[in-house]
Each structure stands twice: as structure tokens, then as C-alpha cells.
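# What the coordinates show
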Amino acid sequence: MAGADAAGLVAGYLLDAVLGDPRRFHPVAGFGTAAGTLERRLYRPDRRSGAAFTALAVGGPALAGLAAARATRRHPVARATLVAAATWTVLGGRTLRRESRIMAGHLDNGDLPSARGRLNHLCGRDPSTLDASELARATVESVAENTSDAVVAPLFWGGLVGLPGLLAYRAANTLDAMVGHRSPRYERFGTAAARLDDALNLLPSRLTGLLTIALAPVAGGSPRETLRVWRRDRDDHPSPNAGQCESAMAGALGVRLGGRNVYFGRSEVRAFLGDGPRPAAVHLRRAARVSGAVGAAATLIAAGLALSRRHAAGFAGSRPAARLAVRRSAARLAASRAFGGLPVGRRSGR
């Protein structure tokens, strides 16, 4: 079924690239509604309750994916169709690129009210006091981070684990967005969701950084310069994963990210990432191009991971057969020696 998984991942990526997010009855939105209902039942201002909530909310989709994978293990067309549908619904690459270009259009036109009103499609910062440069910076940072969260990571886990990986990752990432932020309500309850999301993104975020380095020329950047910025600045971000993506994007675009971020009711001051000017509208279109190229490369990697599972399974399955063959050969040799060296089954006089 690894071939069906690989085909489904590629088909799902193409569906997202052509159609974008489902316009109605989005499964991720439905999951968010169900998770919100579960939260209201389980909520207590402590980490144990948050851990139970996270286990149930992520475990359910993971078990559903496992059951679907087992039900289709002898039906490759059905498996590929399921994986394609799941991949399409968990990816957000086209929407991410579209939002970046829409923001660029508002900034090109000097329409700050529309740009401020659009920012909440990408991130949770307070846009009311942001000027054009800060709106552009927020957009570039969101595109960089969400290229990992909404594109590379689900593809990575889909390639590595299949349907359970796709669904469990998207569930964990959605929970992090819902309860993983620091606030009086979620300071302790959201700890498990935030840490699970961090753990699941450790490898994909670094893969995103490396792919951004390799593909920097699509934005007019230099892989060598992008690598230099990434190695220097990637650990200066408070998130263990976002810095990997944002520093690489800063290097690819030749801009400086970071600084003071204002959220509703609080603010954070972050280290600068990259060298050069603050981003402008032109950099938003380049960031969209980088994000698209990284997503395409990640799809090929995910398909390769899925196919490698078939070879690994074949190798693992061949080992017991090889051991049995060795034991049979040894038994034949012993019997042959016992009967005077004649092959068993061919002794004369029988």
C-alpha cells in the first residue's frame, strides 16, 4: 500500500494547489468544533486535564486513520483516494500563498485599513497600530512558519506514517492553535498540546529551513547567504521550530525579520533575524514563490518516504523467510551427512 500512499499524497497536494481549502464543510473546522466541545467538558486549569484532552483529541483522528488504513490495505485505489482526500483537507499551501499576495496588493495600493483587516487570516497579532512595513513583516513571518506547519509537516508525517500521520498531525497542530498559546485560561491546560506540536514539528521545521536554503534562487536569493543567516540566527527565536523557518526565509529574501510583536493584551520583543531592509510588498510575492517551491519539494520527499516504507516492509518480511531457509539448509546438510552424504530424498534403494 506504500505506492497507493505515495500516489495519494501527490494527488492531494495537486488538489490543494488547484482548488485550495474546501469552501464548505471543511473537516478541519469540524474537528475544531468537536475539540471545542470536548474542551468545555474536560477543562480544568491544570496540566493533567490538558494532557487528557490532548490525548483524546489527537488519539481519535489517529485511530480513525489507522482503521481506514487497515480497511483499505487490500484496495489500493480506495487507499489512494482516501490519502488524497485527507492530504487535500490538511494542507493549506494555496491559501497561504493567496493571502500573501492579497496582502501585497493592499500594501501596493496603500490601503492600510484593508491590509490590517486581512492580517488575522494569517496570524493573531493586533494590526491596529501596524504600518506597512510591520504588516509586511508579520506576513513574511507567518508565511515562513506556516509553510512548515500547514504544508511540509503534514506531508512529512503522511509520508512517514500514512493516513494516521496525516490526521494526527493536523489534529495536534489545530489544538496548538486553539489552546497552546499563553493566556490565563491556557497557561497550564494548553501545555500538553503546545509541547506535542513542538515535538511533531522538530524535524519538519528543519526540513523546511533546508529546503528554503536550497530553493532561495526562486526568490532571487543565494543558497550560500541563506545558509549563513540560517546557521547564525535560527536559534534566536523563542520557538524551537519557527526560528528554523523564519531565519531561512529572511536569508532567502534578503530582509530583516523579528522585533516587537503586539498581540491582543500583550507584547513580545524578539531578536532580529537576517540582514537588510524591512520587508515590503515585493517580498510578500517572493515569499509566496518560495513557499510554493518548498511545498512541491516536500511532496516529492513525502512520496519517497512512503515508497521507502514498502521497501522496509519487504526487507523486514524477507528476514524471517531467510532465517527459515537457512535453518532448512542446515537441516538438509545434517541429514545428508547422517545418510552418508547423499542428498535427502534422493537416497538409493527407496
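Note: the structure precedes this text.
About the cut-offs
- Residues numbered from 1 in each chain as written.
- Predicted model: local features only at pLDDT ≥ 70, side-chain atom pairs only at ≥ 80, totals over all residues.
- Heavy atoms only, no water.
- Helix = DSSP H or I, 4+ residues; strand = E, 2+ residues; numbered from the N terminus.
- Buried < 20%, exposed > 50% of the residue type's maximum accessible area, 1.4 Å probe, protein only.
- Contact = heavy atoms within 4.5 Å.
- Areas by Shrake-Rupley, 256 points an atom, 1.4 Å probe, with all protein chains shown as cover.
- Core = buried A, V, L, I, M, F, W, Y, C linked by side-chain atoms within 4.5 Å.
- Salt bridge = Lys/Arg side-chain N within 4 Å of Asp/Glu carboxyl O.
- Polar contact = N/O pair within 3.5 Å; in protein donor to acceptor, adjacent residues only side chain to side chain.
- Phe/Tyr/Trp six-rings, centres within 6.5 Å; stacked < 30°, edge-to-face > 60°.
- Patch = residues over 30% accessible without salt bridge, like charges linked within 9 Å, V, L, I, M, F, W, Y side chains within 5 Å.
- Lys, Arg positive; Asp, Glu negative; His and termini not counted.
- Charge placed at Lys NZ, Arg CZ, Asp CG, Glu CD.
- Expected span 1.5 Å × (residues − 1).
- 1 Å grid on protein atoms, 1.4 Å probe; cavity = no way out; pocket = protein on both sides within 12 Å on 5 of 7 lines; lining within 4 Å.
- Points joined across faces, edges and corners; volume = space filled by probe spheres on them.
- Nonpolar A, V, L, I, M, F, W, Y, C, P; charged D, E, K, R; others polar.
- Axes fitted to C-alpha atoms, helices over the stretch in contact; angles between N-to-C directions.
- Parallel < 35°, antiparallel > 145°, perpendicular 65-115°, else oblique.
- Left-handed = near helix turned anticlockwise from the far one by under 90°.

Time to look at the overall build of the protein. Helix and strand counts for the protein stand at 12 helices and two strands. By the burial criterion, 46% of the 350 residues in the protein qualify as buried. Within the protein, contacts between residues at least 6 apart in sequence are counted, and of these 69% link residues at least 24 apart. Entry remark: accessible area of the protein is about 17300 Å², with carbon and sulfur atoms responsible for 59%.

Counting 67 residues, the largest nonpolar core has L107, L175 and M249 as the members making the most contacts within it. With 13 residues, the single largest contributor to this core is helix α7 (residues 132-161). Dropping the residues within four chain positions of it, L175 is found in contact with F31, A35, F53, T54, A57, V58, G180 and A193.

Moving on, we come to the pattern of salt bridges. Summed over all chains, the structure comprises 14 salt bridges. Salt-bridge contacts for D275 lead to R228; the nearest nitrogen and oxygen are separated by 2.7 Å. Of this pair, D275 sits in the loop between β2 (266-273) and α12 (281-338) while R228 sits in helix α10 (residues 223-233), placing them 47 residues apart in sequence. Given a relative accessible area of 28%, D275 falls into the partly exposed group. Its salt-bridge partner being D275, residue R232 comes within 3.0 Å of it at the nearest N-O pair. Of this pair, R232 sits in helix α10 while D275 sits in the loop between β2 and α12; the two residues are 43 residues apart in sequence, bridging distant segments of the chain. Taking the relative accessible area as the measure of exposure, R232 reaches 39% and is therefore partly exposed. Counted as one network, the salt bridges with shared partners bring together R125, E134, R137, E141 and R278.

With that out of the way, let us pick up the environment of A138. The residue A138 is located in helix α7 in this model. Of the residues examined, A138 reaches a relative accessible area of 0% and is grouped as buried. Not counting residues up to four positions away in its chain, the partners in contact with A138 are L119, C123 and R125.

We now examine the side chain of D197. By the secondary structure assignment, D197 is in helix α9 (residues 191-214). A distance of 2.9 Å separates a polar atom in the side chain of D197 from a polar atom in the side chain of N173. Non-local contacts of D197, meaning those with residues more than four positions away in its chain, are made with Y169, A172, N173, D176 and N241.

Evaluated as defined, the whole model comprises four aromatic pairs. Between F156 and W157, the ring centres sit 5.2 Å apart and the planes meet at 85 degrees, which makes this aromatic pair edge-to-face. Judged by relative accessible area, which is 13%, F156 ranks as buried. Exposure remark for W157: the relative accessible area of 18% places this residue in the buried category.

This part takes up a positive patch on the surface. There is a patch of like positive charges on the surface, built from R23, R94, R98, R101 and R289. In terms of residue count, the dominant contributor to the positive patch is helix α5 (residues 93-108) (three residues). Among the secondary structure elements, R101 is positioned in helix α5. Take R101: its relative accessible area is 40%, and that puts it in the partly exposed class.

Turning our attention to helix α4 (residues 76-90). The end-to-end C-alpha distance of α4, which contains 15 residues, comes to 21 Å, matching closely the 21 Å that a straight helix rising 1.5 Å per residue would cover. Tucked into the core, α4 has its buried residues touching α1 (2-19), α2 (27-42), α3 (47-71), α7 and α8 (163-179).

Moving on, we come to a nonpolar patch on the surface. The grouping of L15, V18 and L19 at the surface amounts to a nonpolar patch, some 260 Å² of accessible area in total. Mapped onto the fold, V18 is located in helix α1. The class for V18 is exposed, based on a relative accessible area of 58%.

Computed from the structure, the second largest pocket encloses a volume of approximately 150 Å³. For the second largest pocket, the full set of lining residues is P27, V28, F31, P61, T89, V90, L167, R170, A171 and T174. Contributing elements (two or more residues each) for the lining of the second largest pocket: α2, α4 and α8. Considering each element in turn, the lining of the second largest pocket owes the most residues, four residues, to α8. Here the residues of the lining of the second largest pocket are counted per class, giving seven nonpolar, two polar and one charged.

A separate point is the packing of α7 against helix α11 (residues 242-253). Following both chains from N to C, one finds α7 and α11 inclined at 125 degrees, their axes separated by 8 Å at the closest point. Relative to α11, the element α7 is oriented oblique. In the packing of α7 onto α11, the handedness of the crossing is right-handed. From α7, V140, E141, V143, A144, E145 and S148 reach across to α11, where they touch A242, C245, E246, M249 and L253. Grouping the amino acids of the contact of α7 with α11 by side-chain chemistry returns seven nonpolar, one polar and three charged.

What is shown is where atoms sit, not what they do.
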